[in-house]
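Single-letter residue listing:
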Amino acid sequence: MSMGANEGDAFRTKALIGLVIALGLAVAGWIGLTSATQRGIDRLAAIDKARATCAISWNAARSRPETLMVDRIPLADTIDPRSEGALTRCGALRNQGTESELPKTREMNGEPMPRGLR
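Our subject in this report is the structure included herewith. (Residues numbered from 1 in each chain as written. Predicted model: local features only at pLDDT ≥ 70, side-chain atom pairs only at ≥ 80, totals over all residues. Heavy atoms only, no water.)

1. What to know about the pattern of salt bridges
Side chains that differ in charge, positive against negative, can pair when their charged atoms come close.
Consideration 1: Within the structure shown, the criterion is met by one salt bridge.
Consideration 2: Note that Arg12 and Asp9 form a salt bridge whose closest N and O atoms lie 3.2 Å from each other. Taken as a pair, Arg12 and Asp9 lie in helix H1 (residues 2-60) at a separation of three residues, close to a single helical turn. (Salt bridge = Lys/Arg side-chain N within 4 Å of Asp/Glu carboxyl O. Helix = DSSP H or I, 4+ residues; strand = E, 2+ residues; numbered from the N terminus.)

In structure tokens, the structure reads:
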């Protein structure tokens, strides 16, 4: 019977090692997700802060040339400095006219949606 007890102990040891590894991965994943989420929130806060600063200057601009001058104002902190699309000036934060564009004809043609897409 000692042979069966040794096999049971070996199985129990393997199960405990697997559990410890799984818990370690879960903790590492939790920490990774928490830090990634915090970096994302910090990035959005920096964009909002920079946009608010630039909005004051845009509201004070009275002509298109003045608005273009505001677009060239450098931000206090570059947002996403290592990125290809780093935000370095106020012009990068301004909406590029998406609000004034007409809706796509496929979305607003008045035809009912096909039955399979409801």
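2. Focus: the nonpolar core
Consideration 1: Listed in full, the eleven residues of the largest apolar core are Ile47, Ala50, Cys54, Trp58, Ala61, Val70, Leu75, Ile79, Leu87, Cys90 and Leu93.
Consideration 2: Where this core is concerned, the elements lending two or more residues are H1 and strand E1 (74-79).
Consideration 3: When residues of this core are assigned to their parent elements, the largest contribution, four residues, is made by H1.
Consideration 4: Dropping the residues within four chain positions of it, Leu75 is found in contact with Ala50, Cys54, Leu87, Thr88, Arg89, Cys90 and Leu93. (Core = buried A, V, L, I, M, F, W, Y, C linked by side-chain atoms within 4.5 Å. Buried < 20%, exposed > 50% of the residue type's maximum accessible area, 1.4 Å probe, protein only. Contact = heavy atoms within 4.5 Å.)

3. Here we look at the state of the cysteines
Consideration 1: Considering all chains together, one arrives at one disulfide under this definition.
Consideration 2: The disulfide partner of Cys54 is Cys90, and the S-S distance across this bridge is 1.9 Å. On the sign convention where negative is left-handed, the bridge of Cys54 and Cys90, at about -75 degrees about the S-S bond, is left-handed. Pair noted here: Cys54 is in helix H1 and Cys90 is in the segment after strand E2 (87-89), with a separation of 36 residues, a long-range link.
Consideration 3: Taking the relative accessible area as the measure of exposure, Cys54 reaches 2% and is therefore buried. (Disulfide = S-S within 2.5 Å.)

4. Points about the layout of surface pockets
Consideration 1: The calculated volume of the largest pocket comes to roughly 260 Å³.
Consideration 2: What lines the largest pocket is a set of 14 residues, and nearest its centre among them are Lys49, Ala50, Thr53, Ala76 and Asp77.
Consideration 3: Listing elements by their share of the lining of the largest pocket, those giving two or more residues are H1 and E1.
Consideration 4: The greatest single-element share of the lining of the largest pocket, amounting to seven residues, is contributed by H1.
Consideration 5: Among the residues making up the lining of the largest pocket, the classes are represented as ten nonpolar, two polar and two charged. (1 Å grid on protein atoms, 1.4 Å probe; cavity = no way out; pocket = protein on both sides within 12 Å on 5 of 7 lines; lining within 4 Å. Points joined across faces, edges and corners; volume = space filled by probe spheres on them. Nonpolar A, V, L, I, M, F, W, Y, C, P; charged D, E, K, R; others polar.)

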